[in-house]
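# Structural description and commentary
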Amino acid sequence: MIRTGIFTIIVLGLLSCQKNNDNKRNEYNTKITNNSTEIIGAEFVITDSLDVNIIGKDVQLIDFSDNKRLYLVSSFYRNDTLFLIDSLGKLVRKFKVTGEEPDKIGMLCANVAFFNDSLIFTSGSRGYNIYDTDFKLIDKANSPNKEPLLDNRKVRFYKNHAISFDRLNISYNQLFAYKNDTKKIAANTKLLSDWDLKLKKHSFVINHPANSKWITDNFCYSSLKKFFDMDMEGNLYVLIDPDFKIYRFNIENNFELEEEIVINLENYKRSFSIEIESMDKNFPKEQIVNSHIKNFYYADSLFYIIYDTAVEESEYDRTTTDVDALKLYEGKRNYLTIYNRNGQKLINDFLLPANIDNISFVKSKNQIYFKSNNYFEDLFASRFYIGSINNKD
């Protein structure tokens, strides 16, 4: 159910006098764009909400078709089924995508998105399938790899490319051998999966940049994530926590790294770092005490980044049970920051309301979908908030 007039958040950015040189290049001859201290001004408003009560509180809102006026939905605990709902949150259609039948994706479904306004792309343990909105199979391809990741739903399309994080080109034996050695894993993996939809061939693309902390540091970053998005000009943007840079790769130029856009997350804190050798013992503390980037999107020439607050080490050290530590984790709040394509901030990082947990997806600057925090919503349904960005004159 759509509910209007829920609440409004307005955050204004003030113009900074400082402007940095954005034409520098690093030792790898990559352009460095650093305008991160310049705030040009905008306002952010929460305007609407959507309640989805088809399968309880653990719903993932994946994408929206403007033409069909349908939302694509899945569930954390029903990963095998996709749902289509209307703009009122009511179920229109559902389909079990996993299985070994000819129209199924295999035993695991990894990534899902609207390929266009009328077709749905899914990738999984057997390859990829493309369905229409009646879930009739339109096209498919088999996969050479059987290791889909289950915690990322994003797929982006450019010409004949379908880019995602759904494959890990490293064997389980290698993972076991490396244990938690971030540097070795990073050095031996590509970041992204690329399906050629014309040739129906699959490959891995993009290495960690040589100056990424995943390569240069001796700390374990296994709890941190990597994010990506694309534009319609063939630019692929990768954000690696905790590098504080948006890396721009050019798909047309064989996925070459062409630019590093420096970002400044004002309230991001990492007070507790783990040496690789002691990772097993300290992992829970690292997750709770430090900030983490939670999501990254690009739409309407704007970058949207959401990250969580840190917890004082002394507060964590006073906990005596796992339940106490979990309460600290559940109480962490989220900040949103927004940059334009030139690396300029539109708004100061601001603290989202406690009942907003993460970005679900971004269609445009007027359609930013947020997942609510179940711990702060007294609902059986899943609630999503819709936000908008308005530039200031």
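Computed from a prediction, not measured in an experiment: that's the story for all the values here.

### Examining the overall build of the protein chain
Looking only at helices and strands, the protein chain has six helices and 27 strands in total. Scored against the burial criterion, the 393 residues of the protein chain give a buried share of 55%. Surface exposure of the protein chain reaches about 17,500 Å², of which carbon and sulfur atoms provide 49%.

### Considering the sheet that holds strand 10 (residues 119-124)
Spatial ordering of the open sheet is given by 9-10-11-12, a layout of four strands whose pairing is antiparallel. At either end of the open sheet lies a strand with only one pairing partner, and these are strand 9 (109-114) and strand 12 (137-142). Between one strand axis and the next, the sheet turns by 15° as a mean value, whatever way the strands run. Pairing of strand 9 with strand 10 involves five bridges; the strand directions are antiparallel. Its bridge partner lying in strand 10, Ala113 is registered against Phe121.

### So, the confidence of the model for the protein chain
Model confidence for the protein chain is summarised by a mean pLDDT of 82, while 80% of its residues fall at 70 or above. When pLDDT is averaged over each element of the protein chain, strand 19 (residues 245-250) comes out on top at 97 and strand 1 (residues 2-4) at the bottom at 45. Taken as a whole, residues 1-21 scores under 50 in pLDDT and shows 66 contacts with residues more than four places along the chain or in a different chain.

### Quick word on the pairing of strand 14 (residues 161-164)
Both faces of strand 14 are covered, namely the face carrying His161 and Ile163 and the face carrying Ala162 and Ser164. Pairing geometry for strand 13 (residues 155-158) and strand 14, over four bridges, is antiparallel. In the sheet register, Val155 faces strand 14, and the bridge partner there is Ser164. Turn length for the strand 13-strand 14 hairpin, with the two strands adjacent in sequence and antiparallel, is two residues, and the turn residue Lys159 shows positive phi of about 50°.

The rules behind these values
Residues numbered from 1 in each chain as written. Predicted model: local features only at pLDDT ≥ 70, side-chain atom pairs only at ≥ 80, totals over all residues. Heavy atoms only, no water. Helix = DSSP H or I, 4+ residues; strand = E, 2+ residues; numbered from the N terminus. Buried < 20%, exposed > 50% of the residue type's maximum accessible area, 1.4 Å probe, protein only. Areas by Shrake-Rupley, 256 points an atom, 1.4 Å probe, with all protein chains shown as cover. Pairing = 2+ DSSP bridges. Axes fitted to C-alpha atoms, helices over the stretch in contact; angles between N-to-C directions. pLDDT = per-residue confidence, 0-100. Contact = heavy atoms within 4.5 Å.

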